[in-house]
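Chain and residue survey
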Amino acid sequence: MKRISLTQHLIEQQRLHNKIPSELRLLIEVVGRACKSISHAVGKGALGEVLGSAGSENVQGEVQKKLDVISNEILLEANEWGGHLAAMASEEMETIHRIPNRYPKGEYLLMFDPLDGSSNIDVNVSIGTIFSVLKAPDGMTEPSEKDFMQPGTRQVAAGYAVYGPQTVLVLTTGDGVHCFTLDREMGAWVLTQKDIQIPADTKEFAINASNQRHWFPPVKRYVDEMLAGTTGPRGKDFNMRWIASMVADVHRILNRGGIFMYPADAREPEKPGKLRLMYEANPMAFIVEQAGGAATDGNQRILDIQPEKLHQRVAVFLGSKNEVERVTSYHKE
Ligand code: P6P
């Protein structure tokens, strides 16, 4: 494949689809540069004295790792001065982050989970960054949390980076899903996969099976049928994977099919699972749907959910279309 850089891809997509205004292209390139910096910091590991806890908790009440804080700072600093953003929001920050007055403001809102899968950092398992881009509402003056309360269908771009054996950046701007691999020698994102498509069927599922005794009946039925393999109603054997880094599980599914599930369960029935809507479920749902897959909360399309709070959680079933439709249908019976 001819080497095409992230910039060339974005410019060509703009020519083809006229959907990537230069300000959005600048935003995506800035996020791409920030992910390169995060990859570099993550890659140092113990040599960079960046492992372990930061000795603080985030708004979710989760212990922050040093790299959580470092990654968050990298994304804030990279995006403050460019003039393309009106505000940012992060899993690691309680409230939105406005652009300092000394910088020009733009028309986009950026949300991110700066380092997803933090529990894997200290044991050298793949982690990543997830981001989502919305347009600021017309006529907005001083950004507030309510300006971010837009359903996932209003995203203009979404992506994730995986810091694994390779560092990859997966991106959609609404015209398919494309993957870029970091050429570390050149420090460049190089297009390595175009128009990724998720197989509609699969033989692989991803769920944290230690929560089995807490699952509600539709999930229990769906998983039990797969575990029954050729002896059960599905008539085929299934495999299970759970990396506990959403970016890594989703990247596997994007490349070979599968279904990823983080359901609500009986432990806290009012809390719809662990994952957050604005900067985990929505960007991943946009990417998965653009790749021909499906993403629901067990009842409705994730992208149709009208957000009410910045850090609200949502149950997630995403991946191979036929499997997501099956488990969603069980919830409706
Ligand atoms: P559990 C990482 O903390 C995360 O937010 C996702 O990346 C991952 O899929 C999930 O939580 C793992 O959750 O309960 O298995 O540790």
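All values reported here derive from a predicted model rather than from experimental measurement.

Below, the discussion takes up the confidence of the model for the protein. Of all residues in the protein, 100% have pLDDT values of 70 or greater, and the mean over the chain is 95. The ipTM value of the predicted complex is 0.98, and its pTM value is 0.96.

A few words on the packing of helix H2 (residues 22-44) against helix H3 (residues 66-80). Taken N-terminus to C-terminus, the directions of H2 and H3 make an angle of 150°; their axes are 9 Å apart at the nearest point. Taken together, H2 and H3 sit at an angle that is classed as roughly antiparallel. Here H2 and H3 pass one another in a crossing that is right-handed. For the pair H2 and H3, the contacting residues are Leu27, Val30, Val31, Ala34, Ser37, Ile38, Ala41 and Val42 in the first and Leu67, Ile70, Ser71, Ile74, Leu75, Ala78 and Asn79 in the second. Its residues assigned to classes, the contact of H2 with H3 comprises 12 nonpolar, three polar and no charged.

This next bit is on the domain arrangement of the protein. Considered domain by domain, the protein is made up of domain 1 (6-193) and domain 2 (204-332). The straight-line distance from the C-alpha centre of domain 1 to that of domain 2 is 24 Å. Residue-level contacts link 51 residues of domain 1 with 33 residues of domain 2. Per-residue buried area on domain 1 facing domain 2 is highest for Ile130, Met149 and Tyr160; these three make up 20% of the total on that side. Run the count over domain 1 and domain 2 and you get one salt bridge. The shortest N-O distance in the salt bridge between Glu91 and Arg276 comes to 2.9 Å. Where domain 1 packs against domain 2, one counts 18 residue pairs in polar contact (both at pLDDT 80 or more). Top element by residues in the side of domain 1 that touches domain 2 is strand E6 (residues 127-135). It accounts for seven residues. Tallied by class, the residues present in the side of domain 1 that touches domain 2 amount to 24 nonpolar, 20 polar and seven charged.

Conventions used here
- Residues numbered from 1 in each chain as written.
- Predicted model: local features only at pLDDT ≥ 70, side-chain atom pairs only at ≥ 80, totals over all residues.
- Heavy atoms only, no water.
- pLDDT = per-residue confidence, 0-100.
- Axes fitted to C-alpha atoms, helices over the stretch in contact; angles between N-to-C directions.
- Helix = DSSP H or I, 4+ residues; strand = E, 2+ residues; numbered from the N terminus.
- Parallel < 35°, antiparallel > 145°, perpendicular 65-115°, else oblique.
- Left-handed = near helix turned anticlockwise from the far one by under 90°.
- Contact = heavy atoms within 4.5 Å.
- Nonpolar A, V, L, I, M, F, W, Y, C, P; charged D, E, K, R; others polar.
- Domains from an automatic or database assignment.
- Buried area = accessible area lost by both parts, 1.4 Å probe.
- Salt bridge = Lys/Arg side-chain N within 4 Å of Asp/Glu carboxyl O.
- Polar contact = N/O pair within 3.5 Å; in protein donor to acceptor, adjacent residues only side chain to side chain.

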